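Coordinate analysis (summary)
Each chain, written out:
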Amino acid sequence: MRTRKLGYTDLQFTTVGLGTWAIGGGGWEWGWGPQDDAESIAALRRGMDRGINWIDTAAAYGLGHSEELVGKAIEGRRDEVVVATKCGLVWEEGGTTISNRLKEDSIRRECEQSLRRLNIEGIDLYQIHWPVPDGDIEEAWGTIANLIKAGKVRYAGVSNASVEQLKRLQPIHPVAALQPPYSMLERGVEEALLKFCAANDIGIIVYSPMQTGLLTGKYTKERVAALADEDWRKDRNPHFKEPQLSANLALVDGLRPIAARHGKTVAQLAIAWVLRRPEVTGAIVGSRKPSHIEETVEAGDWVLDSQDIAEIDALLVDRHRTLDQG
Ligand SMILES: NC(=O)c1ccc[n+]([C@@H]2O[C@H](COP(=O)([O-])OP(=O)(O)OC[C@H]3O[C@@H](n4cnc5c(N)ncnc54)[C@H](OP(=O)(O)O)[C@@H]3O)[C@@H](O)[C@H]2O)c1
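To keep things clear, this report deals only with the structure shown in the data block. (Residues numbered from 1 in each chain as written. Predicted model: local features only at pLDDT ≥ 70, side-chain atom pairs only at ≥ 80, totals over all residues. Heavy atoms only, no water.)

Looking at the overall build of the protein chain
When its secondary structure is counted, the protein chain shows 12 helices and 12 strands. The C-alpha atoms of the protein chain give a radius of gyration of 19 Å, which matches the 20 Å a tight globule of 326 residues would have. Projecting the C-alpha coordinates of the protein chain onto the three principal axes gives extents of approximately 50 × 40 × 40 Å. Out of the 326 residues belonging to the protein chain, those deemed buried represent 56%. Contacts in the protein chain between residues at least 24 apart in sequence constitute 76% of all its contacts with a sequence separation of at least 6. Only carbon and sulfur atoms are counted for the fraction: they give 50% of the accessible area of the protein chain, which is about 13,300 Å². Charge-centre separation for the protein chain: the mean point of 39 positive side chains lies 2 Å from the mean point of 47 negative side chains. (Helix = DSSP H or I, 4+ residues; strand = E, 2+ residues; numbered from the N terminus. Rg over C-alpha atoms; globule rule 2.2 N^0.38 Å. Buried < 20%, exposed > 50% of the residue type's maximum accessible area, 1.4 Å probe, protein only. Contact = heavy atoms within 4.5 Å. Areas by Shrake-Rupley, 256 points an atom, 1.4 Å probe, with all protein chains shown as cover. Lys, Arg positive; Asp, Glu negative; His and termini not counted. Charge placed at Lys NZ, Arg CZ, Asp CG, Glu CD.)

Encoded structure:
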């Protein structure tokens, strides 16, 4: 698969990376419902077998569970993958909800816990999950910089940050990577972040490129209605609710012929579309079973042509018009 250099670092990332939010499973406030651990591990290993060389996880996913599964999946294969995880979201022992905390003692404790769960000596990319509370981001960043000096972390990244926040972090320690949302339905990153990161040699690994599954082409209204009650998408993801849902499913129907004329799927098209931007280092692609990643890994080498991009632009304009009129 194609690779792109992550910002100023010496890391070459495959254009598709492995996302692990969903495999954290249910039982917490941002869970994705029932998930089979053996399938999760098999999915990660299948992705590695297919050449994907980085995994994104977070302490919060499944309240530590996702990190534990990543640790199992990479056992004996540590040299094949870059491991990226995140800090700054914490939970009480026995609880199901998370809260933001960026204080030094907390980040240090989180780092030790992540290393233990992942069963590794050092974290390749340690990211602030959410820059909240804003007043504490410098403290968290300085702490991660010290963890780098201590050899526990290789590079520092931040997720969901603004240009202003990146500017505050840069003088303390260079930002290796930003992790923002990016998909056909969430294009905010195009306004200023892509340009700023490219100009400052900051890598960009984008999340939810298939809009948490909606842009795979596998969803219908019936399937959305059948999502497990404990799947956060059911009630908390506006893209899965009306009026957006109908407009989004209409968009997917418009994407089908574009994908089909290349012998590809809508899921692959959604990923290839975010990769059309050269500022994007890679797409973080979630999968819950081996067949998911078997399909989506193919997007890593697909370069859209100008006609594809123009047609998608037109579909997105139509979608906006429909929603504005509604
Ligand atoms: N930093 C942050 O704040 C943040 C936020 C979100 C995500 N992330 C990271 O980015 C990763 C990717 O984003 P994401 O997982 O939210 O969304 P995504 O990659 O857009 O969608 C992943 C979901 O799509 C469905 N899917 C995947 N491949 C499929 C296939 N071939 N056929 C049918 N369905 C398929 C699966 O869910 P179903 O089968 O249930 O539909 C899967 O869990 C996350 O796992 C996480 O590592 C980070």
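What to know about the site of the ligand
Surrounding the ligand, one finds 32 residues, the nearest of these being Asp56, Ser159, Lys218, Tyr219 and Arg233. At a separation of 2.6 Å, an oxygen atom of the ligand approaches a polar side-chain atom of Tyr219. Within the side chain of Glu295, an N or O atom sits 3.0 Å from a nitrogen atom of the ligand. Across the complex, the protein chains shield 96% of the 890 Å² of accessible surface that the ligand would expose by itself. Elements represented by at least two residues in the shell around the ligand include exactly β12 (282-286) and α11 (290-296). Each residue belonging to the shell around the ligand can be placed in one class, and the counts come to 11 nonpolar, 14 polar and 7 charged. (Near = heavy atom within 4 Å. Polar contact = N/O pair within 3.5 Å; in protein donor to acceptor, adjacent residues only side chain to side chain. Nonpolar A, V, L, I, M, F, W, Y, C, P; charged D, E, K, R; others polar.)

Some points on the nonpolar core
The nonpolar side chains of a soluble globular protein tend to be buried with one another. Ranked by internal contacts, the top residues of the largest apolar core, which has 76 residues, are Tyr126, Val158, Leu166, Leu269 and Ile312. The element contributing the most residues to this core is helix α10 (residues 266-275), with 9 residues. Those residues in contact with Val158 that sit more than four places away from it in its chain are Gln127, Ile128, Trp141, Leu166, Leu169, Val175, Ala177, Leu178 and Gln179. Of all hydrophobic cores here, the second largest spans 13 residues; its members include Leu6, Trp54, Leu125 and Tyr207. (Core = buried A, V, L, I, M, F, W, Y, C linked by side-chain atoms within 4.5 Å.)

Overview of the side chain of His129
Tracing the backbone through its elements, the reader meets His129 in the loop between β8 (123-128) and α4 (137-149). Using a relative accessible area of 8% as the deciding quantity, one classes His129 as buried. If sequence neighbours within four positions are ignored, His129 has contacts with Ala58, Ala60, Tyr61, Lys86, Cys87, Leu89, Ser159 and Asn160.

Quick look at the pattern of salt bridges
Side chains that differ in charge, positive against negative, can pair when their charged atoms come close. Counted according to the given criterion, the structure contains 30 salt bridges. Between Glu67 and Arg117 there is a salt bridge; the shortest N-O distance is 2.8 Å. With Glu67 in helix α2 (residues 65-73) and Arg117 in helix α3 (residues 104-118), this residue pair connects regions lying 50 residues apart in the sequence. This pair shows no difference in class: Glu67 is buried, exactly as Arg117 is. A single salt-bridge network, built from bridges that share partners, covers Asp10, Arg78, Asp124 and Arg154. (Salt bridge = Lys/Arg side-chain N within 4 Å of Asp/Glu carboxyl O.)

Focus: the packing of helix α1 (residues 37-49) against α2
Relative to each other, α1 and α2 sit at 55 degrees, their axes nearing to 9 Å. Regarding the angle of α1 to α2, the classification is oblique. With respect to the hand of their crossing, α1 and α2 are arranged in right-handed fashion. Residue-level inspection shows Asp37, Ser40, Ile41, Leu44, Arg45 and Met48 of α1 in contact with α2, the latter providing His65, Leu69, Val70, Lys72 and Ala73. Of the residues belonging to the contact of α1 with α2, the class tally is 6 nonpolar, 2 polar and 3 charged. (Axes fitted to C-alpha atoms, helices over the stretch in contact; angles between N-to-C directions. Parallel < 35°, antiparallel > 145°, perpendicular 65-115°, else oblique. Left-handed = near helix turned anticlockwise from the far one by under 90°.)

Focus on the sheet that holds strand β4 (residues 54-56)
To summarise the sheet geometry, strands pair through backbone hydrogen bonds and adopt either a parallel or an antiparallel arrangement. Pairing is parallel around the closed barrel formed by 8 strands, whose spatial order is β3-β4-β5-β8-β9-β10-β11-β12. Recorded for the sheet is a direction-independent mean angle of 30 degrees between the axes of neighbouring strands. Note: strand β3 (residues 16-19) against β4, 2 bridges, orientation parallel. Bridging from a neighbouring strand, Gly19 pairs with Asp56 of β4. Sheet contacts for α3: β5 (82-87), β8 and β9 (153-159); angle to β8, the most-contacted strand, approximately 135 degrees. Packed on one face of the sheet, α10 meets β3, β11 (203-206) and β12 and runs near 155 degrees to β12. (Pairing = 2+ DSSP bridges.)

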